[in-house]
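Analysis of the macromolecular model
Residues per chain are reported as follows:
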Amino acid sequence: MKIVIDGFGGDNAPDEVLKGAALAVDKLGIEVLITGEVDTLKSRMQALGVPEKGITLVPAEGVITTEDNPLSVVKQKNNTSMGVAFNLLSEGKAQAAISAGSTAAIVVGGTTIEKRIKGVKKAALVPLMPCSGGKRYCVLDGGANLYCTAEMLQQFAIMGSCFMEATMGIKNPRVGLLNIGTEDEKGRELEHETKALLEKTPINFVGYVEAREVPLGAVDVLITDGFTGNVFLKTCEGMGALMKDALKGMFFANLKTKIGALCVKKQLGEFSAQMDYKTIGGSPLLGTAKPVFKAHGSSDAVAFLGAFRQAKLFVENNAIEKMTEAISKLKTEEVTENG
């Protein structure tokens, strides 16, 4: 399997990209294509001691930044490290693409250069988040679409359900619609319209769910618009950081608490790992016709390894084929129902 990565996307590129690629080749048994300024990449590989085995450098010029117009990845800057990565995926020279660069450009490139699954209105970013019991749930949309329609959210629910079953091994994943209450009358018109659609959709829809219940394991797939989803995610990340800081202050307050910390060192490590985005590494852009993954902007080598692992699972389990079939089946059922 070949996976292409934007060699200059992210805060720690290209060094951490190169180290992450080497880890992926060694631990996952894949081939990695890295796009960017080849002389610079070669120089950094030598300085870092990154082996060339399994890694192919592909020439590209320049970088897409957060200040650039996202549309430039398609035309004016399609020869940048991100643009070349998407083109390699589009041409079938790689089975998946990863970038830690501009989210907006990734969404544009992923849906314009790679195109969308037939029938899908919009693509959605799908972060995986920790919850009780050491499990994970996904959020659609994580921020790609600030404004959504009920039909878009219905499609997100189908794709999210396919994703969690195909890559996380969750059979018949529970799908919940984020709302300010579980009562039928609560929420906006968007939630009311979406709930009516999801109740007729062939998924395991469990109804409305409140934000406080989600980290406790109430659902496997959380559906909401991109604006609300992004606020929810960042609030969860902030609370996770607060809890880690609070525990650190508690256990290192004095000699007695330090001894206590030693007694639960293993459990503290497990908790820290569960809350760390590096253990997952990448969020898929669901709805694209080929696998596209967004890595965290501050990813290090371990986080990039996680992104490669997610992309490999995504391809191996034919996630896009399953989503395509589910969306096609939904359209067929709608035509039959409307007769």
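Scope of this entry: the structure provided in the associated data block. (Residues numbered from 1 in each chain as written. Predicted model: local features only at pLDDT ≥ 70, side-chain atom pairs only at ≥ 80, totals over all residues. Heavy atoms only, no water.)

1. Considering the overall build of the chain
Operational definition: In this text, helices come from DSSP runs of H or I with a minimum length of four residues, and strands from runs of E with a minimum of two, each type numbered from the N-terminal end. Restricting the calculation to C-alpha atoms gives the radius of gyration, and the globule rule supplies 2.2 Å times the number of residues raised to the power 0.38. Residue contacts follow a heavy-atom distance rule, with two residues in contact if any of their heavy atoms lie within 4.5 Å. Calculation of accessible area relied on Shrake-Rupley with a 1.4 Å probe; when residues are assessed, cover is drawn exclusively from the protein chains displayed.
What the chain contains, in helices and strands, is 11 helices and 12 strands. The C-alpha radius of gyration of the chain comes to 21 Å, within 12% of the 20 Å expected for a compact globule of 339 residues. Along the three orthogonal principal directions, the C-alpha set of the chain runs to about 65 × 60 × 35 Å. Summarising the internal contacts of the chain: among those between residues at least 6 apart in sequence, 70% fall at separations of at least 24. Put simply, the chain shows about 15900 Å² of open surface, and 55% of that area lies on carbon and sulfur atoms.

2. Focus: the packing of aromatic side chains
We apply this condition: Two rings from Phe, Tyr or Trp (for Trp, the six-membered ring) form a pair when their centres are within 6.5 Å of each other. A pair whose planes differ by under 30 degrees is stacked, one over 60 is edge-to-face, and the rest are tilted. In this analysis the charged atom, NZ for Lys or CZ for Arg, is taken to sit over a ring once it is within 6 Å of the ring centre and within 35 degrees of the ring normal.
Going through the model one piece at a time under the given rule, you end up with 2 aromatic pairs. The interplanar angle of 90 degrees and the centroid separation of 5.3 Å between the aromatic rings of phenylalanine 293 and phenylalanine 314 together place this pair among those described as edge-to-face. With phenylalanine 293 in strand 12 (residues 292–295) and phenylalanine 314 in helix 10 (residues 301–316), this residue pair connects regions lying 21 residues apart in the sequence. Members of the aromatic cluster, connected to one another through ring pairs, are Phe163, Phe293 and Phe314. For lysine 195, the ring lying beneath its charged end belongs to tyrosine 208, and the centroid distance is 5.6 Å.

3. Some words on the side chain of aspartate 141
As a reminder, the rule being used: Buried means the residue's accessible area, taken with a 1.4 Å probe over protein chains only, is under 20% of the maximum for its type, while exposed means over 50%, and partly exposed covers the values in between. Residues scored as charged are limited to Lys and Arg (positive) and Asp and Glu (negative), so that His and the chain ends carry no count. Any Lys or Arg side-chain nitrogen found within 4 Å of a carboxyl oxygen on Asp or Glu counts as a salt bridge. Side-chain atoms alone can form a polar contact between residues adjacent in sequence; in general such a contact is a pair of N or O atoms within 3.5 Å, and within protein one must be able to donate a hydrogen while the other accepts it.
Examined against the element boundaries, aspartate 141 turns out to sit in the loop between strand 7 (135–140) and helix 5 (150–168). The charged side chain of aspartate 141 is buried without a salt bridge, its nearest counter-charge being lysine 122 at 9.6 Å. Within the structure, the side chain of aspartate 141 is placed 3.1 Å from the backbone nitrogen of leucine 125, a separation counted as a polar contact. Of note is the side chain of aspartate 141, whose polar atom sits 3.1 Å from the backbone nitrogen of alanine 144.

4. Thoughts on the nonpolar core
Filter applied, for reference: We define the nonpolar core as a collection of buried residues of types Ala, Val, Leu, Ile, Met, Phe, Trp, Tyr and Cys that are connected through side-chain atoms lying within 4.5 Å of one another.
Residues Ile34 and Phe308 are the most contacted members of the largest nonpolar core, which totals 64 residues. With 10 residues, the top contributor of residues to this core is helix 5. With 23 residues, the next largest nonpolar core counts Val4, Val58, Met82 and Val292 among its residues.

5. What to know about helix 3 (residues 81–90)
Across the 10 residues of helix 3, 8 count as buried, placing the element largely inside the fold. Where helix 3 is concerned, the buried positions are Ser81, Met82, Gly83, Val84, Ala85, Phe86, Leu88 and Leu89. The inward-facing, buried residues of helix 3 contact strand 1 (2–6), strand 2 (31–36), strand 3 (55–59), strand 4 (96–99), helix 4 (103–112) and strand 12. Positive phi appears at glycine 92, one or two residues downstream of helix 3, with a value of about 80 degrees.

6. Comments concerning the sheet that holds strand 9 (residues 204–209)
Defined as follows: Two strands make a pair as long as DSSP finds a minimum of two bridges between them. Between N-to-C directions, angles span 0 to 180 degrees; the directions come from axes that are lines fitted to C-alpha atoms, helices contributing only their stretch in contact.
Strands sit in the order 6-7-10-8-9 across an open sheet of 5 strands; the sheet is mixed. Looking at the sheet topology across the chains shown, the edges are occupied by strand 6 (128–131) and strand 9. Direction aside, the axes of adjacent strands within the sheet are offset by 30 degrees on average. The pairing of strand 7 with strand 10 (residues 221–223) spans 3 bridges and is classified as parallel. Paired with valine 139 across the strands is leucine 222, a residue of strand 10. Packed on one face of the sheet, helix 5 meets strand 6, strand 7, strand 8 (174–178) and strand 10 and runs near 155 degrees to strand 7. The strands touched by helix 6 (residues 189–198) within the sheet are strand 8 and strand 9, with strand 9 carrying the most contacts at an inclination of about 160 degrees.

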